Amino acid sequence: MSAVPPEAAINVRQLWKYYGDFPALRNIELNIAPGTCLALLGRNGSGKTTLLRIMAGLMRPQKGDVRIFGNDPRHSAARDAIGLLGHGIGVYDELSAEENLRLFARMYGLANPNEVAAQWLKRTALDHVARSLVREFSRGMRQRLAVARAFLHAPKALLLDEPFTALDDRAIALLQSLLAGALKGGATIIMSTHQLREAMELATHVALLNRGKLLFHGERPVEMIQDPTWLYRTYGEG
Amino acid sequence: MSAVPPEAAINVRQLWKYYGDFPALRNIELNIAPGTCLALLGRNGSGKTTLLRIMAGLMRPQKGDVRIFGNDPRHSAARDAIGLLGHGIGVYDELSAEENLRLFARMYGLANPNEVAAQWLKRTALDHVARSLVREFSRGMRQRLAVARAFLHAPKALLLDEPFTALDDRAIALLQSLLAGALKGGATIIMSTHQLREAMELATHVALLNRGKLLFHGERPVEMIQDPTWLYRTYGEG
Amino acid sequence: MREKILYGMGIVAGLWLLRNLYVILLGLPDEALQGAIYRILFFHLPSWFTCFTAYFLAGGASILYLWKKDLKYDTFAVSAVEVGTVFTMVGLVTGMIWARIIWGIWWTWDPRLTWALITYIVYASYLMLRRAVDDPTTRARHSAVLCIFAFASVMITYKAIDWWRTQHPGAVLSFRTGGGTMDPRMESIIYQNWAALMLLTAVLVAIRMRQETMSREIEGMRRFAHAI
Amino acid sequence: MRYLRQTLTIAGKDLRSEIRTKESLNAAVSFAVVILVLFSFAVDPSADQIKEMSGGLLWLVFAFAGALVLNRSFARELGNDCLDALVASPVPSSALFLGKALANFVLLLIVELVALPVFGVLYNMSWARQPLLLAPVLLLATWGMTVIGTIFSALTVNLRLRELMLPMLIYPMMIPVLMAAMRLTTLLVNGEAIPADDQIWFRLLVGFDVIFTSLAVTLVDVVLVG
Amino acid sequence: MRYLRQTLTIAGKDLRSEIRTKESLNAAVSFAVVILVLFSFAVDPSADQIKEMSGGLLWLVFAFAGALVLNRSFARELGNDCLDALVASPVPSSALFLGKALANFVLLLIVELVALPVFGVLYNMSWARQPLLLAPVLLLATWGMTVIGTIFSALTVNLRLRELMLPMLIYPMMIPVLMAAMRLTTLLVNGEAIPADDQIWFRLLVGFDVIFTSLAVTLVDVVLVG
Ligand code: HEM
Ligand SMILES: Nc1ncnc2c1ncn2[C@@H]1O[C@H](COP(=O)(O)OP(=O)(O)OP(=O)(O)O)[C@@H](O)[C@H]1O
Ligand SMILES: Nc1ncnc2c1ncn2[C@@H]1O[C@H](COP(=O)(O)OP(=O)(O)OP(=O)(O)O)[C@@H](O)[C@H]1O
Ligand SMILES: [Mg+2]
Ligand SMILES: [Mg+2]
């Protein structure tokens, strides 16, 4: 139990997660420095979603632990610091865009929920439909609202699970620009994805999972810009 | 009501589909020759899924009609000719791989369900787990079983809705090789996708939908091999 | 080695029960009011005590699971509940046979009887909940929570004769009545039967635990193989 | 012939996956017992009038427990988008419907045949006094419940609020069958003859079954495809 | 303070979306009416004994109709994976639970207050003879139902067989509350005083509420997170 490196945004130590007797994560060690964007890669079933959910405090591991800026993921300080964007958009269909954002602002205990909501509606170009119910939104609008929801409380750590799946080129570009903005603002980003090309536009680091084991973690190899599957071929067939 | 061009595998004429008052498809005209592989492109909400579902006979349009080898999609000859692979895998978790394939073989009225099932299990490399319940399968195995289910009755027209979504590189390669095989065998393939690069490996033709209108349909432009988004930029901003 | 101990314990339990049966049938006099049939009490009461104990232990194991997150507690809990429901069934059936002879009907909606039935349903639904969850870890967690809630029904069943006026007879054992209602010889046989049944329970639970652990390991291995 | 084979294939599939997992059977049977227990608090089960309510209680139990089975019928197909695969196959919608209805019918009968003796024991009723007359009532009324349940299960399967809508829709529709079955069962269970006045209930059952089956078979394609 | 605000935020959200769509309210109220009608076929509503069954019938209706509301409680969060967003937020699981329970409590009370007069009319009962004693019974028993329903709704929310499992789990657990409520309501609705013997039911209600609320609040984090 060495001390947490003071510079780590997210620190994962000797993490094991079992589903029954099946080890989905095996002894993961991971230090993520603040301000990096980590692309979490791995084949289907390698444990990416599991790892992200444990980091987000949605699940507990059997062994090992995770620190978000030095805190347990279930500690309220850690949860204030986390922004989560999973497969679903995480907003309510039967509330309006504005109501959704205010609700989450209030849940995060922000001082001025209404202002923050208005501000993010503007930033995601949804202010003209602020009062429409989310049910009536198109896929792109929903995705933007989901991003607003996740970014609302200025999280220092963003966790994204396959954020580009089933999005069209425009929606991907929008998400990338918002993520780039957050990164510039000092946030730490971790995203899992199979769409390597899209991920490589942002990623400063990559990590490769294979059947629950961490095979590679480090700065993005230059080879991957030209050839995104380079990593798989080099480390992945273990 | 001109005659159906005799050479068309799938023929769509003046098709309109409304959800309530919202026109999801506007006056689509489309002739797909047998043996082609058509990539159906378009931004989120442009109507790709709607069009595929109408072709598969899962929905009826308000106006216009669709012919599958000259028949109405709900005609049993048309349905014998169609293989469908949607977002879900379309097989039962609580049955074994073998039982699933036999079930569908029987539903398609094949003469020898057991043999066909065995044969497809071998072809998708699932024969060693033929008796395991699908519930225990990994994502890749499920996808292969889904392909076996869709290909079982040697369909002459394959309809695929975002087949590459959330698959890893290996699973994509497998699917591509199976599709290439079907194409060589004379099948007609129509697939919707946002993953242009993967689609371009197979596509002989492309069609572009924009807000329910067909903007482009023709052979795959050579420009798209180098730059898959070329089509969007050239025709898409209408 | 463990096998042998288990089988040995099983044999001891069987022999002990046989010996008790001999005493019950031939050693004890008929009861004044009910005649020979009262002897069913020697199995009725110990069955209930046995299943209550099993449920109690399962509840304890569930709390331990939630605390330690070790699947062996969950394995114990499910094994204990399974064996417990068997004895609940024995208690219900012996009670119903007794009721048929003494009261002339198989069942009446008396609070004690009703709560005994509810207890059975609650633990049966525990077993059903387990089948509905695929991931063993989630399954363990959720069923542990249910197991803790479920114990309330056991307590109500136990206290039912004190809380309501029931057709079912009240307490007979001296630790509840303060003594004097029952021939000590009979009471001792009741305790002996209970002890023998508990021994049997221990054997059954141990066997079930082995099966459960094994099938979980096999499932884990299978998933691992399929994940390739 | 082909139609019949397709119908049986669908019924066989549903029965096989249900028998394998016993999910809705277990749930329905134990729910039936739970309702019997709940009723015992609501009505005084030792009272004499219970005899006059026996058919009523019984069919309420069948209706509530049966809804669990019926609800699963099309919901079972939602998991992996199996419904799309079924509808896209050459099996006609009406064969699909009949196959599923057949499977549900068998499952409901199983639930009823388990619940009957339990009811008999718990409520101290000897329900088997006129088995030859009770059987057709059971079969006819159960088929009526099945048809209504299956078609509405198809209708609600894609609704967001399936769990809310289904009970609201099916119980009111089932009322005619349930009323007939309640009345006839009460008479039969108490060993009484069926007076001429009550013969109409039989006719109502038969009429209901015929009309609603043909309606459902005709309309199911519209429900599933549009 | 922060805890309280979070609880109220959650409760407010649930109430707001429910009031806006009225989905489960409408369904529950109309289901209640349907059940009342069904019961009126099963038992003879004009008979005298109906008086002795009034509390029983009423609480059966509340339990069946209420389950629809309770079932939606966490199911509401499934749609867009909202549950993950909630659990990942700084709102503690217990505040989440209490907020949802509060909303359910209000909704159940609304359903009950609508169903009561309907019952009164259909069964010709004047239920409001001892309102000051009936009110605490309603409140205590409804809270008990709410706590059980909400925690089991959380427990089953991710199950494949949610619709099957939830009724199987909650009704047996609710039986103590329902029994107490049935007995007391029957007495109160008929204008009788509560005999000393039956005082135990009040104590049972209070005890149940206290014990199960504390259990649920303690265990909900384990249920939602692990
Ligand atoms: C289906 C019917 C019956 C059921 C479900 C039932 C249930 C129970 C239960 C749960 C106990 C618990 C023992 C305890 O922990 O205190 C018990 C004990 C007992 N039962 Fe029964 N019983 C039934 C029928 C009968 C009948 C018909 C008789 C005799 C007339 C009887 C006599 C006793 C006696 C004497 C005890 C021990 C009382 C005590 O110390 O609590 N039971 N029964
Ligand atoms: N709830 C669960 N119960 C049992 N096993 C599970 C569960 N969730 C995931 N698994 C298993 O754990 C492993 C890791 O799953 P996970 O979802 O984390 O993979 P992933 O990397 O996100 O895959 P994908 O790229 O397909 O999303 C897989 O083998 C999967 O089968
Ligand atoms: N069931 C429905 N009810 C109402 N509107 C619908 C429904 N299904 C689709 N739509 C609308 O119809 C339009 C076309 O939807 P469709 O799903 O066909 O698009 P798509 O091209 O498949 O989009 P994506 O790339 O996001 O999958 C969208 O604007 C969508 O909002
Ligand atoms: Mg994943
Ligand atoms: Mg689509």
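Residues numbered from 1 in each chain as written. Chains lettered and ligands numbered in written order. Predicted model: local features only at pLDDT ≥ 70, side-chain atom pairs only at ≥ 80, totals over all residues. Heavy atoms only, no water.

**Focus: the sheet that holds strand β1 (residues 10–19) of chain B**
Residues and elements named next belong to chain B. Ordered by their spatial adjacency, three strands build an open sheet running β2-β1-β4, and the pairing between neighbours is antiparallel. Of all strands in the sheet, those with a lone pairing partner are β2 (22–32) and β4 (63–68), marking the two edges. The mean angle between the axes of side-by-side strands here comes to 20 degrees, regardless of whether they run parallel or antiparallel. With seven bridges connecting them, β1 and β2 associate as antiparallel partners. Note on β2: the bridge partner recorded for Tyr19 is Phe22. (Pairing = 2+ DSSP bridges. Helix = DSSP H or I, 4+ residues; strand = E, 2+ residues; numbered from the N terminus. Axes fitted to C-alpha atoms, helices over the stretch in contact; angles between N-to-C directions.)

**Here's the deal with the interface of chain D and chain E**
With 36 residues of chain D at the interface, the matching set in chain E holds 37 residues. Carbon and sulfur atoms supply 80% of the area that chain D and chain E bury against each other, a total of about 3,200 Å² over both sides. Contact with chain E buries area across many residues of chain D, yet D:Leu38, D:Glu163 and D:Leu164 alone supply 19% of it, more than any other trio. Among the salt bridges present, the one from D:Glu23 reaches E:Arg160, with a minimum N-O distance of 2.8 Å. In this structure, the connection of chain D to chain E is made through one residue pair in polar contact (both at pLDDT 80 or more). (Contact = heavy atoms within 4.5 Å. Buried area = accessible area lost by both parts, 1.4 Å probe. Salt bridge = Lys/Arg side-chain N within 4 Å of Asp/Glu carboxyl O. Polar contact = N/O pair within 3.5 Å; in protein donor to acceptor, adjacent residues only side chain to side chain.)

**With respect to the site of ligand 3**
Taken together, 14 residues lie around ligand 3, and B:Gly45, B:Lys48, B:Thr49, B:Thr50 and B:His194 are the ones closest in. What surrounds ligand 3 is not a single chain but chains A and B. Summarising the interface, the protein chains cover 67% of the accessible area of ligand 3, which totals 630 Å² for the free molecule. Those elements giving two or more residues to the shell around ligand 3 turn out to be β2 and α1 (48–55) of chain B. A total of three residues in the shell around ligand 3 trace back to one element, the largest contributor, which is α1(B). (Near = heavy atom within 4 Å. Areas by Shrake-Rupley, 256 points an atom, 1.4 Å probe, with all protein chains shown as cover.)

**Some thoughts on the site of ligand 2**
Taken together, 15 residues lie around ligand 2, and A:Gly45, A:Lys48, A:Thr49, A:Thr50 and A:His194 are the ones closest in. Measuring from an oxygen atom of ligand 2, one finds a backbone N or O atom of A:Gly47 at 2.9 Å. Residue B:Arg139 places a side-chain N or O atom 2.9 Å away from an oxygen atom belonging to ligand 2. Considered on its own, ligand 2 offers 630 Å² of accessible surface; in the complex 77% of this is hidden by protein. Those elements that place two or more of their residues in the shell around ligand 2 are β2 (22–32) and α1 (48–55) of chain A. Here the element with the most residues in the shell around ligand 2 is α1(A); it accounts for three residues.

**Observations regarding the relation of the copies chain D and chain E**
The two copies are related by a screw operation: chain D maps onto chain E through 180 degrees of rotation and 0.2 Å of translation along the axis, at an RMSD of 0.1 Å. Each copy turns onto its partner about a two-fold axis. Measuring from the rotation axis to each C-alpha of chain D, the shortest distance belongs to D:Glu163, at 3.5 Å. Comparing interface residues between copies, 97% of those in chain D also sit at the interface in chain E, which points to an isologous, same-surface contact. (Least-squares fit on C-alpha atoms with pLDDT ≥ 70 in both.)

**Structural notes on the nonpolar core**
One finds B:Met55 and E:Phe152 to be the most contacted residues of the largest nonpolar core, which totals 410 residues. At 20 residues, helix α7 (residues 162–189) of chain E tops the list of elements feeding residues into this core. Those residues in contact with E:Phe152, other than ones at most four positions away along the chain, are C:Leu146, C:Phe149, E:Leu166, E:Leu169, E:Ile170 and E:Met173. Grouped together as the second largest cluster of nonpolar side chains are 14 residues, C:Leu28, C:Ile40, C:Trp98 and C:Ile189 included. (Core = buried A, V, L, I, M, F, W, Y, C linked by side-chain atoms within 4.5 Å. Buried < 20%, exposed > 50% of the residue type's maximum accessible area, 1.4 Å probe, protein only.)

**Remarks on the interface of chain E and chain A**
At the junction of the two partners, chain E supplies 29 residues and chain A supplies 32 residues. When chain E packs against chain A, close to 2,500 Å² is buried across both sides, 54% of that on carbon and sulfur atoms. In terms of surface lost to chain A, no three residues of chain E exceed E:Asn80, E:Ala88 and E:Pro90, which account for 23% of the buried area on that side. Here chain E is connected to chain A by five salt bridges. When contributions to the side of chain E that touches chain A are tallied by element, the ones reaching two or more residues are α1 (2–21), α4 (82–88) and α8 (199–224) of chain E. Of the residues in the side of chain E that touches chain A, the class split is eleven nonpolar, eight polar and ten charged. (Nonpolar A, V, L, I, M, F, W, Y, C, P; charged D, E, K, R; others polar.)

**Digging into the coordination of the iron atom of ligand 1**
All names here are of chain C. Looking at the iron atom of ligand 1, the protein donor atoms are His44 (NE2) and His168 (NE2), and they sit 1.9 to 2.0 Å from it. If you look at the iron atom of ligand 1, its six donor atoms make angles of 85 to 178 degrees with each other, and the shape they trace is octahedral. Placement of the pair is His44 in helix α2 (residues 41–68) and His168 in the loop between α5 (136–163) and α6 (174–177), with a sequence separation of 124 residues. For His168, a relative accessible area of 17% gives the class buried. (Donors = N, O, S within 2.8 Å, 3.2 Å for Na, K, Ca; no water. Tetrahedral: all angles 85-135°; square planar, octahedral: opposite > 155°, others 65-115°.)

**Some details on empty space enclosed by the protein**
The final tally for this structure, using the stated rule, is nine cavities of 30 Å³ or more. Roughly 340 Å³ of volume is contained in the largest cavity. Forming the boundary of the largest cavity are 19 residues, of which D:Leu68, D:Glu163, D:Pro167, E:Leu68 and E:Pro167 lie nearest the centre. Every element with two or more residues in the lining of the largest cavity is listed here: α3 (50–75) and α7 (162–189) of chain D together with α3 (50–75) and α7 of chain E. The element contributing the most residues to the lining of the largest cavity is α7(D), with five residues. Along the lines of polarity and charge, the residues of the lining of the largest cavity split into 15 nonpolar, two polar and two charged. By volume, the second largest cavity is sized at about 60 Å³. Every residue along the wall of the second largest cavity is listed here: C:Trp115, C:Ile118, C:Val122, C:Phe149, C:Ala150, C:Ala152, C:Ser153, C:Ile156, E:Pro172, E:Met173, E:Pro176 and E:Phe212. Those elements giving two or more residues to the lining of the second largest cavity turn out to be α4 (111–132) and α5 of chain C together with α7 of chain E. For the lining of the second largest cavity, the per-class residue count stands at eleven nonpolar, one polar and no charged. (1 Å grid on protein atoms, 1.4 Å probe; cavity = no way out; pocket = protein on both sides within 12 Å on 5 of 7 lines; lining within 4 Å. Points joined across faces, edges and corners; volume = space filled by probe spheres on them.)

**Remarks on the side chain of B:Arg142**
Position of B:Arg142 relative to the elements: it lies in helix α5 (residues 139–151). In this structure B:Arg142 comes out as buried when scored by relative accessible area, which is 18%. Here B:Phe137 takes part through its backbone oxygen, which lies 3.5 Å from a polar atom of the side chain of B:Arg142. Ignoring sequence-local partners within four residues, the contact set of B:Arg142 consists of B:Ile89, B:Asp93, B:Val134, B:Arg135, B:Phe137 and D:Asn80.

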